[in-house]
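Residues per chain, in single letters:
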Amino acid sequence: MTTQMKKKSKRSSFNINLLVALLTLTMISTAQAQTKESWNTSKKISPDLFGLFFEDINYAADGGLYAELVQNRSFEYSPTSKREWSSFSFWEYVTPGFSYGSLNVETTSPVHFNNPHYVVLNVEHVGKEEKHSGPSGVGVKNTGFDGMSIREGNKYNFSMFARQLTNQPITLTVSLQTPKGKILAEEKILTSSNEWKKYSAGLTSTTNHDTVSLVILATTQGKLALDVISLFPERTFKNRTNGLRTDLAQALADMKPKFIRFPGGCLVHGDGLGNMYRWKNTIGPIEQRLEQKNLWGYHQTAGLGYYEYFQFCEDVGAKPLPVLPAAVSCQNSGGTWRIGGTGQQALPLDEMDEYIQEALDLIEWANGPVTSVWGAKRAAAGHPAPFNLQYVGIGNEDKITLEFEERFKMIYTVVKAKHPEITVIGTSGPFPDGDDFEKGWKYAEHHNIPVVDEHYYKDPNWMMKNLNRYDTYDRSKSKVYLGEYASWGNKMKNAISEAAYMVGLERNGDVVSMASYAPLFAKKNHTQWKTDMIFFDNNNLCLTPNYHVQRMFSANQGDVYFDKVVFKDPSDSTLAASCVQDSKTGDVILKLVNVGNQAKVMKIDLTNFKKIISAAEKEMLTGAAEAENTLENPQQVVPVKSTFKATKNFEYEAQPMSLTVIRMKTKS
Ligand code: AHR
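Note that this is a predicted model, so its numbers are computed, not measured. (Residues numbered from 1 in each chain as written. Predicted model: local features only at pLDDT ≥ 70, side-chain atom pairs only at ≥ 80, totals over all residues. Heavy atoms only, no water.)

### With respect to the state of the cysteines
Argument step 1. Scanning the entire structure with this criterion turns up zero disulfides.
Argument step 2. This cysteine, C266, is not joined by any disulfide, and C330 carries the nearest cysteine sulfur, 4.3 Å off.
Argument step 3. Residue C266 is classed as buried on the basis of its relative accessible area of 12%. (Disulfide = S-S within 2.5 Å. Buried < 20%, exposed > 50% of the residue type's maximum accessible area, 1.4 Å probe, protein only.)

### A closer look at the pattern of salt bridges
Argument step 1. Applying the stated criterion across every chain yields a total of 31 salt bridges.
Argument step 2. With its nearest N and O atoms 3.0 Å apart, the salt bridge here joins E308 to R289. Taken together, the residues E308 in helix 4 (residues 306-316) and R289 in the loop between helix 3 (266-269) and strand 15 (292-294) connect sequence positions 19 residues apart.
Argument step 3. For R289, a relative accessible area of 4% corresponds to the buried category.
Argument step 4. Of the charged contacts in the structure, one is a salt bridge between E619 and R551, with a shortest N-O distance of 2.5 Å. Note that E619 is positioned in strand 31 (residues 615-622) and R551 in helix 11 (residues 545-554), a separation of 68 residues in sequence. Considered together, E619 and R551 belong to a single accessibility category, that of buried residues.
Argument step 5. One salt-bridge network, held together by shared partners, links D582, D587, R663 and K665. (Salt bridge = Lys/Arg side-chain N within 4 Å of Asp/Glu carboxyl O. Helix = DSSP H or I, 4+ residues; strand = E, 2+ residues; numbered from the N terminus.)

### Observations concerning the site of the ligand
Argument step 1. Taken together, the neighbourhood of the ligand is formed by 13 residues, with E55, C266, E397, Y457 and E484 sitting nearest.
Argument step 2. Residue E484 places a side-chain N or O atom 2.6 Å away from an oxygen atom belonging to the ligand.
Argument step 3. When the ligand is considered free in solution it has 280 Å² of accessible area, and contact with the protein chains removes 95% of it. (Near = heavy atom within 4 Å. Polar contact = N/O pair within 3.5 Å; in protein donor to acceptor, adjacent residues only side chain to side chain. Areas by Shrake-Rupley, 256 points an atom, 1.4 Å probe, with all protein chains shown as cover.)

### Re a negative patch on the surface
Argument step 1. Together, D350, E351, D353 and E354 make up a negatively charged patch on the protein surface.
Argument step 2. Assignment of secondary structure puts D350 in the loop between strand 17 (319-324) and helix 5 (352-367).
Argument step 3. Assessed through its relative accessible area of 70%, D350 is described here as exposed. (Patch = residues over 30% accessible without salt bridge, like charges linked within 9 Å, V, L, I, M, F, W, Y side chains within 5 Å. Lys, Arg positive; Asp, Glu negative; His and termini not counted. Charge placed at Lys NZ, Arg CZ, Asp CG, Glu CD.)

### Considerations on the sheet that holds strand 24 (residues 534-536)
Argument step 1. Overall, mixed pairing links the three strands, which are arranged 23-24-25 in an open sheet. Bordering the open sheet on either side are strand 23 (521-523) and strand 25 (541-543), each of which pairs with just one other strand. Along the sheet, successive strands turn relative to each other by an average axial angle of 20°, direction set aside.
Argument step 2. Summarising the sheet, strand 23 and strand 24 pair through three bridges and their orientation is parallel. Across the sheet, the residue bridging to F521 is I534, located in strand 24.
Argument step 3. Strands strand 23, strand 24 and strand 25 of the sheet are contacted by helix 2 (residues 246-253), whose axis makes an angle of about 15° with strand 25. (Pairing = 2+ DSSP bridges. Axes fitted to C-alpha atoms, helices over the stretch in contact; angles between N-to-C directions. Contact = heavy atoms within 4.5 Å.)

### Quick word on the pairing of strand 13 (residues 222-233)
Argument step 1. Within strand 13, eleven of the twelve residues are buried, which leaves the element mostly enclosed by the surrounding structure.
Argument step 2. Bridge count between strand 5 (residues 118-125) and strand 13: five bridges; the pairing is antiparallel. The residue of strand 13 that forms the bridge with N122 is K223.
Argument step 3. The pairing of strand 8 (residues 155-164) with strand 13 spans eight bridges and is antiparallel. By the bridge assignment for strand 13, S159 is matched with S230.

In structure tokens:
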């Protein structure tokens, strides 16, 4: 060996030593990184991925989630909402005991100008027939939403506004009655003012009954006006006044949604400009809210208004996601949605300043200090603390016209400048592709809109063919909010195809920042849109397989996604799986989906997770492809919970047509 060679060899052994040292260091730090449970193939995903879409469609609000039992409580129904309706719909004029008098609907001197109609009762004679055994008087009866469902021992809070139109106080009885007139609860009220005054009473039922009516009977002579006649179960979700039906609200709370989008849907942009959902009409005392027709063919009392939406979000730990109209109406305005065409109306430009201020006022109402004009209104309603509004949607699958673009930009520019802390969500039409989709995305890119709302309703085959839809989305552009999606059906095959699709959403949780199934609720005999997540009548609810899938994903969200944990035959398109970790709890969560009709094995490799506790929880939903739940048989398909022993490496046999969630705790 020459000296030069020796020198070279010395240098190279030095280099090798350095390399070894470096390698050792890298290995140590990799091992440390692995014990911290992070590795190359993990990525941060949205912490707000799965949430809820709420729209007052299918009687989801009035007659549904909103617990009010009186239908048309303020006499504001009209043919505008439904051709055959009037201000006295769902009411009856009653004169038991051969009494007589008259009833009129009047508008000259209402409780509030937003709520112009009220009834005037003129009691001329209260019958005293000996042969008549029941109560006598002149009054009104409300049949509720397909009858009122009353439970034994439960208390119901009655309230109404009344104004004496004659000098003498008038005695009224308020009762809950069966269709045959049997009284289940009764209280007396004595009027005491010639001005509008609110009267209340508590009614406790002696029995269960499903088709009860509320009867208000004047039992002494005189004339009086009545309005805003309300009956609420005392038990509402979290016992909120003007609150929500407990069972329906609890079903949503059980999903642990990260956000709730409201009030729609097409309800947002409305059937013509006059029907746009204006949030300011929906806050304050209920007698001051402005009611209007519901674009889905019925009526909105706005009793479930912005305050109640925000309160509910807070009650279930979800972020509020209000969607404001983009100052254009639904492109299907005028009922053209079946035949297509465009009926989009745009707000005149000279009204835009005021309209934009409405958006700014919403942010102040939600987040502003109690000393601000709108923050003070929130505080007056009972919520001095801010609601921490973070997201605002502008527009709902609008047709991307020049009028839309111009108005969206005007709203967006001001909101962005004044409230950079708010994430604005744009829109991209009603389909997963096509003209509005392309234009919507191009527009979003051009204006740097942080998130774009996509909507699509497709069949299970489409879902399965598009499991990788978001794999190729450009990460440098706007994020996606998949605001409405479903697979046209409530059978297991639909739900499981949605589960496979949701695995793709999780895998792409770095670009898909939010997703919500739609629509949420559908009331029996009042359903305009099928497929829905939860069906209900006045007493019961039916959680569809789709609900179970949504809940299993939503209640088991993570904010870090791990690749290379679940292994399956790559050519097998009937299997889908994901692995996420919730960094708050440290829990590692597997979602394993088999859409096929044979059991299949997936291999799980958890060796990189050093801190997994083997005693884990498992929840599995499986059933025949055609199986579904109904109100009559709601338990046909339900998930089953069990314990599970997790090991470093295990094989999991996924049942045909199944979703399994395995949740593993980690040592801290
Ligand atoms: O979810 C039902 C309807 O579907 C929504 O109102 C609308 O946005 C979509 O077309």
